[in-house]
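# Per-entry structural report
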Amino acid sequence: MSDEAPDAATEPTTEPTDRTLEGWIAHQRWYTAKGSTPRLTTISRTDGTRLVLDDAPTGPVLYQAPVTTAATGEDPTAPIDATTDPEWVQGLAERIDADPDSLRPIGTVTSSRVLSGEQSNTSVICDTASGEQVIVKVFRVLHHGDNPDVTTQLALSAAGSARVPNVYGALSSTWPDTGRPEGTASGHLAFAQEFLPGLEDAWRVALRDARSGTSFATDAERLGVALAEVHGTLARALPTEPAGDDRRAAAVATMHARLDAAAREAPAVAEHVDAVRSVYERAAAVGWPDLQRIHGDLHLGQVLAAPEPRGWVFLDFEGEPLRPLTERSVPDVTLRDVAGMLRSFDYVAGALAQDDDPVDAGEWAHAARSAFLDGYQRGIGVDLREHRELLDAFELDKAVYEVVYETRNRPGWVGIPLAAVTRLVLRSAT
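What comes next is a walk through the structure. Just so we're clear, the structure is a prediction, and the values are computed from it rather than from any experiment. (Residues numbered from 1 in each chain as written. Predicted model: local features only at pLDDT ≥ 70, side-chain atom pairs only at ≥ 80, totals over all residues. Heavy atoms only, no water.)

### Examining the overall build of the chain
Within the chain one finds 13 helices and 13 strands. Relative to its length of 430 residues, the chain is compact, with a C-alpha radius of gyration of 23 Å against a globular reference of 22 Å. Within the chain, contacts between residues separated by at least 24 positions form 65% of all contacts whose residues are at least 6 apart in sequence. Counting only carbon and sulfur atoms, one obtains 52% of the accessible surface of the chain, whose full area is about 19,500 Å². (Helix = DSSP H or I, 4+ residues; strand = E, 2+ residues; numbered from the N terminus. Rg over C-alpha atoms; globule rule 2.2 N^0.38 Å. Contact = heavy atoms within 4.5 Å. Areas by Shrake-Rupley, 256 points an atom, 1.4 Å probe, with all protein chains shown as cover.)

Below, the structure written as structure tokens:
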């Protein structure tokens, strides 16, 4: 396989070659095969966007890596990330505006800057001639299929929901893919939405309140109502389907598989395996609500505290990062989001217990969880006691995953999810 795409002979000689690009991409925060040597092949160049395929040891990965050339007097082959170039950003904004799915124009970008700290994607903050600020997320790792972060928020914004930042639009593209029958793949390259500067996320608000002993119950109840509103809007805007036998069986089988893996890696789980399986089996035997699009990876850090009357605003609808993209867009059970938020309240108390000056926030977390559930069931119009077995199963599944995560990364924190496993199996047995 050659170093360059087929059209390389017509490109300027100053543009970085694939070999030059390899050294640069290996040091980018969003490069997934850390520690390995990239082997890149450019497969597409369109409107300043460069897509490169890395034949990585962990499997082929397709990256969006737009680069520009260095300024006069510098190394003309040195790659420079195009997201730092205002002219490239303006061109990207124009392509997003021209996309058929765009909802409102970005217009002229007067200045732009890359948001620091992000790893898996690159977000660019744009000041516009209209005075509005727009955040454009440039997806770095590309997959065939629609990105649920885009399609879910497009649906919510198009439906008039204030529970997500206003969406401007998205950019889709196609590229060669010899592994697909038709020889091409398609997906999202970028996503533009309202930038909400200066807002704290719910995790920071909750952590501060818990540390000071300030009740979070009112905010938690409103958060439950807001999530119910999001779920209700998604059920109206996007397809739903009954939870058939096959789908229920597949979901429960995934829970069992995750439990098996956890028991092998985290001995602390092993003594609870039989009790957890009993919870999963009870969940498999009860009725499930219809399946629909959900957030998929919900926790307090995915929600911003905007001033009233807007209130809570939800972010990042990409779903669980470790799940394949095709699975993240499949209709799911809304209680998975509810369970994720319940676990997040537990983590507030757990984090404070790990402080140098520990705080006992157990009662705070219990009150927040109860208030959140009250708000959610009031907003959705369903008595959650009818789905207790299913909600317990989803929360247990999340806690089992957390035990493995903490065992690998923060052994001192493994007691947080392990306590939840113990509590949930005991409660489910009564």
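### Details of the nonpolar core
For soluble globular proteins, nonpolar side chains are generally found buried alongside one another. One finds Phe216, Leu223, Tyr280, Phe314, Phe345, Trp364 and Phe372 to be the most contacted residues of the largest nonpolar core, which totals 74 residues. Per-element tally for this core: the top contributor is helix H10 (residues 335-353), with eleven residues. Once residues lying within four places of it in the same chain are set aside, the contact partners of Leu223 are Leu300, Val303, Trp312, Phe314, Met341, Phe345 and Phe372. Grouped together as the second largest cluster of nonpolar side chains are 29 residues, Ala82, Ile106, Val138 and Val167 included. (Core = buried A, V, L, I, M, F, W, Y, C linked by side-chain atoms within 4.5 Å. Buried < 20%, exposed > 50% of the residue type's maximum accessible area, 1.4 Å probe, protein only.)

### As for the pattern of salt bridges
Throughout the structure, instances matching the rule amount to 32 salt bridges. As a salt-bridge pair, Asp392 and Arg388 come within 3.7 Å of each other at their nearest N and O atoms. Taken as a pair, Asp392 and Arg388 lie in helix H12 (residues 388-409) at a separation of four residues, close to a single helical turn. We classify Asp392 as buried; its relative accessible area is 1%. Note on Arg388: relative accessible area 32%, which makes it partly exposed. Here the residues in one salt-bridge network are Arg343, Asp346, Arg369, Glu395, Glu402 and Arg423, joined through shared partners. (Salt bridge = Lys/Arg side-chain N within 4 Å of Asp/Glu carboxyl O.)

### Points about the packing of helix H8 (residues 273-285) against H12
Between H8 and H12, whose axes approach to 8 Å, the crossing angle comes to 140 degrees. Between H8 and H12, the angle falls in the class oblique. Between H8 and H12 lies a crossing of left-handed hand. The residues of H12 that touch H8, namely those facing Val276, Val279, Tyr280, Arg282 and Ala283, are Glu389, Leu390, Asp392, Ala393, Leu396, Asp397 and Val400. For the contact of H8 with H12, the residue count by class is eight nonpolar, no polar and four charged. (Axes fitted to C-alpha atoms, helices over the stretch in contact; angles between N-to-C directions. Parallel < 35°, antiparallel > 145°, perpendicular 65-115°, else oblique. Left-handed = near helix turned anticlockwise from the far one by under 90°. Nonpolar A, V, L, I, M, F, W, Y, C, P; charged D, E, K, R; others polar.)

Note that every value here comes from positions in space, so none of it alone points to a role or purpose.
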